[in-house]
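Structural overview for review
Letter by letter, the chains look like this.
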Amino acid sequence: MYTFFMKKILFCLLLVTCFTSYSVFSLEPATALYRGEEYSIFVTYTEVVQPGDPVIVKMDFEPNKELSKENYSETKAVLVFEDKTKSDFFDLEGNAKRNSNTPLTLCALLPLSTWQNAGAYTVTVMYSAYGRDYKKFSLPISIEKKDFVSETIELDSKNTDIKTDVSPARMNQIERLNDILFTVDSASVYLNSAFVPPTTATRRTSFFGDRRVYAYTGGGSSTSLHYGIDYGIPTGSEVTACGQGRVVMAENRISTGWSVVIEHLPGVYSLYYHMDSLTVEKGDMVKQGTLIGYSGATGLATGPHLHWEVRVNGNAVNPDFFVSDEFPFFEK
């Protein structure tokens, strides 16, 4: 027997063994409580998002005394959107060894495409708690319409050469970066707060999700999305880590110049491009606000600026989503 409470009448529950009935009550923010004979689950999630945001679901498990002594590693879950996009949940303790009194918290981030249509949708959580049979429930989400900027960027001969470079060296750099960004290490749980911007500057010269046309010298063009936020700051401005994490790349790249990539959570990375110089190396552990380098105009750049980007499971997501006092998911 169980009860559950949440913000709206919104679940399509298929819970059979120990969850057999429910009642509805209003809670703020978007939360749900499942109370069963063997365990309870308190769910917190992002109910209202925009294209390019991640959907985040956090589940806090509270077992009874007998169940609490069982192996936490037997609890697994996956978050699914429209039966095509999936993201595994990870342990917010980073798979650390637990005792019987330590609560289990699982979290998943599922990136939405910037092309996603607005409307009412659901995400589905499929989980197996403490080695029990799999169950599933659905959470309603609202995807709000978002307008993205369209722009044409005129490239000079130097930047045209970079953009059209198909040399083995550049292709190898792209492949190595993608290998990093699509790596999901369940033990890599470093983040302990919301992000902060990587610079104190506020002037932005480009925005996340901009629809771009690159016009080449001598004719020809290509189209792409802008995966991050560009801050218009002078060369030599301080660039700092947006959150706690581990440096997994610090090098000079053909396209992005002096670049840093920081791993914060399983599959969650922040990227910093076009810097003039770096102050960190691969393998360094950094705290939020740690100086990682100085801005510049290296690589494909039309002027001094900092490009800041966030990836989830290899997909670019809106960095602004992670910068908020209302962002409670990873506070420790």
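All chains use their own residue numbering, which begins from 1 and follows the written sequence. In keeping with the predicted nature of the model, local features appear solely for residues at pLDDT of at least 70, side-chain atom pairs appear and are counted solely at 80 or more, and the whole-chain, interface and lining totals rest on all residues. Excluding hydrogens and water, the side-chain figures rest on all heavy atoms present in the structure.

**Observations concerning the pattern of salt bridges**
Short version of the rule: Any Lys or Arg side-chain nitrogen located within 4 Å of an Asp or Glu carboxyl oxygen qualifies as a salt bridge. Secondary structure follows DSSP: runs of H or I at least 4 residues long count as helices, runs of E at least 2 residues long count as strands, and numbering of each begins at the N terminus. Throughout, exposure labels follow a simple rule: accessible area from a 1.4 Å probe, protein chains only, divided by the maximum for the residue type, with under 20% read as buried, over 50% as exposed, and the rest as partly exposed.
Under the definition given, this model contains 9 salt bridges. Of the charged contacts, one joins Arg204 and Asp320 as a salt bridge, the two residues approaching to 2.8 Å between their closest N and O atoms. With Arg204 in strand E13 (residues 204-206) and Asp320 in the segment after strand E24 (315-317), this pair connects stretches of sequence that are 116 residues apart. On the accessibility criterion, Arg204 (28% relative accessible area) is partly exposed. Between Glu263 and Arg246 there is a salt bridge whose closest N-O contact spans 2.8 Å. Residue Glu263 is located in strand E19 (residues 257-265), and its partner Arg246 is located in strand E18 (residues 245-253); the two are separated by 17 residues in the primary sequence. For Arg246, a relative accessible area of 27% puts it in the partly exposed group.

**Let's talk about the side chain of His264**
The cut-off we apply is this: By definition in these notes, contact holds between two residues if any of their heavy atoms fall within 4.5 Å.
Tracing the backbone shows His264 in strand E19. His264 has contacts with Ser188, Val189, Tyr190, Leu191, Phe195, Cys242, Gly243, Gln244, Gly245, Tyr269, Ser270 and Tyr272, leaving out every residue within four places of it along the chain.

**Thoughts on helix H2 (residues 168-181)**
Under the convention used in this document: Every helix has an expected span of 1.5 Å times one less than the residues it contains. The directions from the helix axis to the C-beta atoms are what the arc is built from.
Taking 1.5 Å per residue as the helical rise, H2 with its 14 residues ought to reach 20 Å, and the 20 Å between its terminal C-alpha atoms agrees with that figure. Among all positions of H2, only Arg170, Gln173, Leu177, Ile180 and Leu181 are buried. Projected down its long axis, H2 carries its buried residues within an arc of 95°, all on one side. Away from the buried face of H2 by more than 90 degrees, exposed residues Pro168 and Glu175 are located. Packed against the buried residues of H2 are helix H1 (157-163), E18, E19, strand E20 (268-278) and strand E23 (306-312).

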